[in-house]
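# Survey of secondary and tertiary structure
Below are the chains, spelled out letter by letter.
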Amino acid sequence: VQLQASGGGLVQAGGSLRLSCAASGRTASRVAMGWFRQPPGKEREFVSVIRWPGTTTYYADSVKGRFTIARDNAKNTVYLQMNSLKPEDTAIYYCARSHSIISSSIADAHAYAYWGQGTQVTVSS
């Protein structure tokens, strides 16, 4: 399974970006897809996740109300619409695909079996 993230870039505070993550290879249905991020000098942190088939979503408190996660199961693609961006949203954003069976919190990185390469998001003040 390969995950290809795209859509990052440089944006001013208050602006928007839309990240995409396309899965290829031996893709499996009925798995959750998530986004994590790693700010400069900090640990990787949970951002959002969407369960199969797409009706259940969770967000970190820091992005709730500003970010929206969605998935297109026919295209094996997950999206993260980011609005009202803040400088503190600056990070490398990673998409991830969960294990078929999740034995930990879905916000825990250990719940995910496959990771994309990351896409840089930089928000200037």
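Description of the structure in this document.

### Here we look at the environment of Asp89
Positionally, Asp89 belongs in the loop between β8 (77-82) and β9 (91-98). Its relative accessible area of 1% is what places Asp89 among the buried residues. For the pair Asp89 and Tyr58, spaced 31 residues apart in sequence, the C-alpha separation works out to 17 Å. Excluding residues within four positions of it along the chain, Asp89 makes contact with Arg37, Arg66, Phe67, Ser84, Val121 and Val123. A polar side-chain atom of Asp89 sits 2.7 Å from a polar atom in the side chain of Arg66.

### Considerations on the nonpolar core
Trp35, Phe67, Leu80, Met82 and Tyr93 are the most contacted members of the largest nonpolar core, which totals 33 residues. Counting residues per element, the ones that place at least two in this core are β1 (2-6), β3 (17-24), β4 (33-38), β5 (45-50), β7 (67-72), β8, β9 and β11 (119-124).

### Points about the packing of aromatic side chains
Applying the stated rule across the entire model yields four aromatic pairs. Ring geometry for Phe36 against Phe46: centres 5.7 Å apart, planes inclined by 75°, an arrangement best described as edge-to-face. With a gap of ten residues between them, Phe36 in strand β4 and Phe46 in strand β5 connect regions that are remote in the sequence. One aromatic cluster is present, formed by Phe36, Phe46, Tyr112 and Trp115 through successive ring pairs. The residue whose ring lies beneath Arg18 is Tyr79, and the NZ or CZ to ring-centre distance is 4.1 Å. Its end group placed over the ring of Trp115, Arg44 keeps NZ or CZ at 4.7 Å from the ring centre.

### Describing the pairing of β1
Only one face of β1 is covered, namely the face carrying Leu3 and Ala5; the face carrying Gln2, Gln4 and Ser6 is uncovered. In the sheet, β1 pairs with β3 via five bridges, with the strands oriented antiparallel. If you follow Gln2 over to β3, its bridge partner there is Ser24.

Rules and cut-offs
Residues numbered from 1 in each chain as written. Predicted model: local features only at pLDDT ≥ 70, side-chain atom pairs only at ≥ 80, totals over all residues. Heavy atoms only, no water. Helix = DSSP H or I, 4+ residues; strand = E, 2+ residues; numbered from the N terminus. Buried < 20%, exposed > 50% of the residue type's maximum accessible area, 1.4 Å probe, protein only. Contact = heavy atoms within 4.5 Å. Polar contact = N/O pair within 3.5 Å; in protein donor to acceptor, adjacent residues only side chain to side chain. Core = buried A, V, L, I, M, F, W, Y, C linked by side-chain atoms within 4.5 Å. Phe/Tyr/Trp six-rings, centres within 6.5 Å; stacked < 30°, edge-to-face > 60°. Lys NZ or Arg CZ within 6 Å of the ring centre and 35° of its normal. Pairing = 2+ DSSP bridges.

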